[in-house]
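# Results of the structural survey
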Amino acid sequence: MTRFDGQPATEGLPLGAHPLFSSDDLDETRDCVARVYCDHRLETIGSGRLAARHNRLAGRSLSINVMTYGAKTLIAPGELERFYLFQVPIRGSASVANGPNRHEIGGGFGGVLNPDAQTCMIWSEDCVQVLVQIEKTALLAAARAEFGLPSGQALHFDGANDMRDGEGRAFMSVLDFVMREAEQGSNLIGGDTLLARQLERTLMIGVLQTQTHNLDPVMGGAAGPVPRVLRRAEEFMRENLHNPIMIEDIAQSAGTSVRTLQSMCRARYGRAPMTVLRDLRLDQAWEDLSNPEPDTSVTTVAMALGFFHLGRFSEHYRRKFGCTPIETLRAAKRP
């Protein structure tokens, strides 16, 4: 069905069971796209006929989109602001200017648009792209939790990356699987199940692992796979986010001493083990506040995760996510 090797798709656009709109009118197309992404300038170049189509599979923190404009098209959204956008053409190509980051995508190469940089793109005639739109706060949370991005550190992507081999091919296989299941009527993202949340997380980690960015120098200060001791320690932390645990418990679960665990955490993540635990709990707080039950409150979420000083909790949360817990909760409950 879907080809990620730069060859034409032979059975129409992927995600055909999830159409958002199709239009030959430029103003209508601009309005429809703006509702999903942001306001932007949209112009056709040359004499090609606009034949815009947009299929969309919506999740909680990200969406998978397939788009084409038919004609050679200029798209200038300025700053995306609230989301990152991974894009890879499965037919045709595109020239991308995202702040100082300028590159060509197509032929198996994809890239990411940063939300805080002025963006302008030109899509070739009959270009078809698969795009993964990821909420900025969600991708930053994944970068902090999985790669040790320090609080307050910006996340910037750069250049085009080959998605045809290695981790790129593996990531595209996962993305293709989710899209093919959606064609069969199974939306594997967006639900309240553990599988849905994990698949979205996997797609975000896939973007982080396959794209060039400024995380490389801060991914714990060391290249290569995470040591087994730290993997066991983190697994124990994740299993006990709602339980009162001490550093001695973490070290014992990882099969090492407290001193060794502290040394390895600082070498890999640049943080102490209990700070890593705190950040994992903050990530869980963001998840709980972003997907609230009717009786969810900041106090109940904070207390359940062991944050008994609400002022300190709010300050740590604001530093990590750029907003307060109550702002996250209000935004999630807003119709």
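Just so we're clear, the structure is a prediction, and the values are computed from it rather than from any experiment.

## Regarding unusual backbone geometry
Although it is not a glycine, Leu15 sits at a positive phi angle of roughly 60°. For Leu15, the location among the structural elements is in the segment before β1 (19-23). The buried category is assigned to Leu15, whose relative accessible area is 0%. At Asp126, a residue that is not glycine, the phi angle is positive and equals roughly 65°. In this structure, Asp126 sits in the loop between β10 (119-123) and β11 (128-135).

## A short note on the packing of aromatic side chains
All chains considered together, the criterion is met by 8 aromatic pairs. The rings of Trp286, Phe307, Phe313, Tyr317 and Phe321 are connected pair by pair, giving a single aromatic cluster.

## Some thoughts on the pattern of salt bridges
When the charged atoms of two side chains lie near each other, side chains of opposite charge can form a pair. Scanning the model with the defined rule gives 11 salt bridges in all. Arg319 is the partner of Glu315 in a salt bridge, and the nearest nitrogen-oxygen pair spans 2.9 Å. Taken together, the residues Glu315 and Arg319, both in helix α10 (residues 310-321) and 4 residues apart, mark about one turn of the helix. The exposure class of Glu315 is partly exposed, given its relative accessible area of 29%. Residues participating in the shared-partner salt-bridge network are Arg271, Arg278 and Asp279.

## Topic: the domain arrangement of the protein chain
If you check the domain split of the protein chain, you get domain 1 (19-218) and domain 2 (228-332). Each of domain 1 and domain 2 was reduced to a C-alpha centroid, and the two centroids are 29 Å apart. Taken residue by residue, the interface counts 14 residues in domain 1 and 12 residues in domain 2. Contact with domain 2 buries surface across domain 1, with Thr137, Arg144 and Ala145 losing the most and accounting together for 38% of the total. Run the count over domain 1 and domain 2 and you get 0 salt bridges. Where the side of domain 1 that touches domain 2 is concerned, the elements lending two or more residues are α2 (136-147) and α4 (194-210). Sort the elements by how many residues they give to the side of domain 1 that touches domain 2 and α2 lands first, with 6 residues. Of the residues belonging to the side of domain 1 that touches domain 2, the class tally is 3 nonpolar, 5 polar and 6 charged.

## A word on empty space enclosed by the protein
Under the definition given, this model contains 3 cavities of 30 Å³ or more. Considered as a void within the structure, the largest cavity measures approximately 150 Å³ in volume. Looking at the largest cavity, it is lined by 16 residues, and the ones nearest its centre are Val33, Tyr37, Ile75, Leu85 and Met121. Where the lining of the largest cavity is concerned, the elements lending two or more residues are β5 (72-78), β6 (83-91) and β10. The element that contributes the greatest number of residues to the lining of the largest cavity is β6, accounting for 3 residues. Estimated volume of the second largest cavity: approximately 40 Å³. Looking at the second largest cavity, the residues that line it are Arg144, Ala145, Glu234, Tyr269, Arg271, Val276, Asp279, Leu280 and Asp283. At the level of elements, α2 and α8 (273-290) are the ones that each hand at least two residues to the lining of the second largest cavity. For the lining of the second largest cavity, the leading source of residues is α8, giving 4 residues. Looking at the lining of the second largest cavity, its residues break down into 4 nonpolar, no polar and 5 charged.

## A closer look at the side chain of Thr210
Structurally, the position occupied by Thr210 is in helix α4. Classification of Thr210 by relative accessible area gives buried; the value is 12%. Side chain to side chain, Thr210 and Gln211 meet in a polar contact 3.1 Å long. Excluding residues that lie within four positions of it along the chain, Thr210 makes contacts with Asn161, Met163, Glu167, Gly168 and Phe171.

## Some remarks on the confidence of the model for the protein chain
Note: predicted coordinates in regions of low pLDDT should not be interpreted at a detailed level. Of all residues in the protein chain, 92% have pLDDT values of 70 or greater, and the mean over the chain is 87. Predicted confidence is poor over residues 1-11, with pLDDT under 50, and the contacts of this stretch with residues over four places away or in other chains come to 24 contacts.

## Let's talk about the packing of helix α5 (residues 228-239) against α8
Two packed helices can be described by the angle between their axes and the distance between those axes. Running from N to C, α5 and α8 cross one another at 45°; their axes reach a closest spacing of 10 Å. In terms of their interaxial angle, α5 and α8 are classed as oblique. Considering how the two elements wind past one another, α5 and α8 form a crossing that is right-handed. Each of Glu234, Met237 and Arg238 in α5 lies in contact with α8, whose residues at this interface are Pro273, Val276, Leu277 and Leu280.

## Comments concerning the packing of α8 against helix α11 (residues 325-333)
Contact geometry for α8 and α11: axes closest at 8 Å, N-to-C directions at 30°. Together, Trp286, Leu289 and Ser290 of α8 and Pro325, Thr328, Leu329 and Ala332 of α11 make up the contact between the two elements. Here the contact of α8 with α11 is built from residues that sort into 5 nonpolar, 2 polar and no charged.

## Some points on the side chain of Arg281
Mapped onto the elements of the fold, Arg281 is located in helix α8. Despite its burial, Arg281 pairs with no opposite charge, the nearest such side chain being Asp249 at 8.8 Å. For Arg281, the residues in contact, after removing those within four places along its chain, are Asn240, Leu241, Asn243, Ile245, Leu305 and Phe307.

Parameters at a glance
Residues numbered from 1 in each chain as written. Predicted model: local features only at pLDDT ≥ 70, side-chain atom pairs only at ≥ 80, totals over all residues. Heavy atoms only, no water. Helix = DSSP H or I, 4+ residues; strand = E, 2+ residues; numbered from the N terminus. Buried < 20%, exposed > 50% of the residue type's maximum accessible area, 1.4 Å probe, protein only. Phe/Tyr/Trp six-rings, centres within 6.5 Å; stacked < 30°, edge-to-face > 60°. Salt bridge = Lys/Arg side-chain N within 4 Å of Asp/Glu carboxyl O. Domains from an automatic or database assignment. Contact = heavy atoms within 4.5 Å. Buried area = accessible area lost by both parts, 1.4 Å probe. Nonpolar A, V, L, I, M, F, W, Y, C, P; charged D, E, K, R; others polar. 1 Å grid on protein atoms, 1.4 Å probe; cavity = no way out; pocket = protein on both sides within 12 Å on 5 of 7 lines; lining within 4 Å. Points joined across faces, edges and corners; volume = space filled by probe spheres on them. Polar contact = N/O pair within 3.5 Å; in protein donor to acceptor, adjacent residues only side chain to side chain. pLDDT = per-residue confidence, 0-100. Axes fitted to C-alpha atoms, helices over the stretch in contact; angles between N-to-C directions. Parallel < 35°, antiparallel > 145°, perpendicular 65-115°, else oblique. Left-handed = near helix turned anticlockwise from the far one by under 90°. Lys, Arg positive; Asp, Glu negative; His and termini not counted.

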